[in-house]
Amino acid sequence: MDEVKQLVTDIKNGNLKPIYFLMGEEPYYIDKISDFIENSVLSEEERGFNQMVLYGRDVTVEDVVGHAKRFPMMAEYQVVIVKEAQDLSRTIEKFASYAANPQPTTILVIDYKYKKLDKRKALYKAINKVGVVFESKKLYENQVSDWIRRVLASKKYTITPKAAQMLVEFLGTDLSKINNELEKLQIILPKETQITPEHIEENIGISKDYNNFELRKAIGERNTQKTYKIIKYFGDNPKDNPMVVTVSLLFNFFSQLLHLHGLNDKSSRHVAQALKVNPYFVNEYLTAAKNYPMRKVSSVVATLREFDVKSKGVGSNAVSQGDLLKELMVRILN
């Protein structure tokens, strides 16, 4: 995120490069940077003659280079943006000759999603000398809550740890999806608001009481009544609460408990660092570790592997999701 801010600042200050190669597994920042260049480098009057948006599936590398070698009309620069450039992956190295001697009055932006350049090859080396190679890395699940907090802070909002966790568990690590929901909340809620689970439930439709976060907590506390209430809700609403997601999250949770049992230092700070979790949730893990000795945790991990296969329909076609979840809870809690 800091690298993105610096890149945007440089562009705002007129420190422009002839080539921006935007690559990587996380499309969110690729789109953000590309859109910023598209909307800010040229004035509205200049864009008509000097800005071109191409798509990788519709052009060849030679077509792009031909456009890039043109001169701007009544402007200092022309901007050529190649979206979905991953469709040119088989011939992408052909850009190397242009990158070795780029047109100084052209700003060429290449959006290369879900892929990366080979740093040993000529194209990467050539662009790195004259332009910008930006890699947008996929965030791990434990990093997304902090990303949500930072994005909201930049807009003068705060969010409770539980509310952030609800978004992550419901939307996964897709930053574009999460950002769309955050933007909805910013339209509804005034600045300086602290976003709570109630706001998430009312405006996004994620239940604050019946979700995987609450299920994990109930299981960790061995709260049988609450666990089965949540499972019943999941069984009644299978489309909104797919079992495969629940099993995956519980597998991660018990794998972390296994790690926790192996730690010599079980102070809150060290546990948060070792498990890569928000310090707010450390007590939840410590409680669960007390309730589930290491041998039981190992047994639960094996059980979750078994039910991961069943949740995907292998050997359990005639069994409903609700019944599978009940069976799984019996195995975990007993």
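Structure's up top.
The residue numbers shown here count from 1 along each chain, following its written sequence. In keeping with the model being predicted, local features are shown solely for residues with a pLDDT of at least 70 and side-chain atom pairs are shown and tallied solely at 80 or more, while totals for entire chains, interfaces and linings include all residues. The side-chain quantities take in all heavy atoms of the structure and omit both hydrogens and water.

A. Main features of the packing of aromatic side chains. Only Phe, Tyr and Trp rings are paired, with Trp represented by its six-membered ring, and only when their centres lie within 6.5 Å; those with planes under 30 degrees apart are stacked, over 60 edge-to-face, the remainder tilted. For the coordinates displayed, the defined rule picks out nine aromatic pairs. Here Phe21 and Tyr112 contribute two aromatic rings whose centre-to-centre distance is 5.2 Å and whose plane-to-plane angle is 55°, an arrangement assigned as tilted. Placement of Phe21 in strand β1 (residues 19-24) and of Tyr112 in strand β4 (residues 106-113) is noted, with a sequence separation of 91 residues between them. Taken as a pair, Phe21 and Tyr112 share a single burial class, namely buried. With a centroid separation of 5.3 Å and an interplanar angle of 90°, the aromatic rings of Tyr28 and Trp147 are classed as edge-to-face. Placement of the pair is Tyr28 in helix α2 (residues 27-40) and Trp147 in helix α7 (residues 141-154), with a sequence separation of 119 residues. Residues Tyr28 and Trp147 agree in their burial class; the two are buried. Taking the ring centre of Tyr292 as reference, the NZ or CZ of Arg222 above it sits at 4.2 Å. Strands are runs of DSSP state E lasting at least two residues, helices are runs of H or I lasting at least four, and both sets are numbered from the N terminus onward. For each residue, the accessible area found with a 1.4 Å probe, counting protein chains only, is set against the maximum for its type, and the residue is called buried under 20%, exposed over 50%, and partly exposed in between. By definition, being over a ring means that NZ of Lys or CZ of Arg is both within 6 Å of the ring centre and within 35 degrees of the ring normal.

B. Expanded view of unusual backbone geometry. Look at Glu192: it is not a glycine, yet its phi comes out positive at around 75°. According to the relative accessible area criterion, Glu192 is exposed, its value standing at 63%. Residue Lys276 is not a glycine yet carries a positive backbone phi of 60°. Position of Lys276 relative to the elements: it lies in the loop between α14 (268-275) and α15 (282-291).

C. Just the sheet that holds strand β5 (residues 132-135), in detail. The pairing criterion for strands is at least two bridges between them, as found by DSSP. In space, the five strands of this open sheet follow the order β2-β3-β4-β1-β5, with parallel pairing throughout. Both edges of this open sheet fall to β2 (51-55) and β5, since each of them pairs with a single strand only. In this sheet, adjacent strand axes meet at a mean angle of 15° when their direction is disregarded. Sheet topology note: the β2/strand β3 (residues 78-83) ladder contains five bridges and is parallel. What sits directly across from Leu54, in β3, is Val82. Should any heavy atoms of two residues lie within 4.5 Å, those residues are considered in contact. To get an axis, fit a line to the C-alpha atoms, keeping to the stretch in contact for a helix; angles then go from 0 to 180 degrees between the N-to-C directions. Those strands touched by α2 are β1, β2, β3, β4 and β5, and its axis lies near 160° from that of β4. Running at roughly 115° to β5, helix α6 (residues 122-130) makes contact with β1 and β5 of the sheet.

D. Spatial organisation of the environment of Met294. Summarising the element assignment, Met294 is placed in helix α16 (residues 294-311). In this structure, the C-alpha to C-alpha distance between Met294 and Asn203, residues 91 residues apart in sequence, is 40 Å. When near neighbours in sequence (up to four residues on either side) are disregarded, Met294 contacts Leu258, His261 and Gly262.

E. Local environment of the environment of Arg295. Secondary-structure assignment places Arg295 in helix α16. Between the C-alpha atoms of Arg295 and Ile19, which are 276 residues apart in sequence, the distance is 56 Å.

F. Representation of a nonpolar patch on the surface in the model. Together, Phe49, Met73 and Met74 give the surface a local cluster of nonpolar side chains, amounting to about 400 Å² of exposed area. Summarising the element assignment, Met74 is placed in the loop between α4 (61-68) and β3. On the basis of relative accessibility, which here comes to 72%, the residue Met74 falls in the exposed class. Like charges are joined within 9 Å and nonpolar side chains (Val, Leu, Ile, Met, Phe, Trp, Tyr) within 5 Å, but only among residues with over 30% relative accessible area and no salt bridge; these make up the patches. Only the protein chains shown count as cover for residues, and all accessible areas are computed by the Shrake-Rupley method using a 1.4 Å probe. Salt bridges are defined by distance alone: a side-chain nitrogen of Lys or Arg within 4 Å of a carboxyl oxygen of Asp or Glu.

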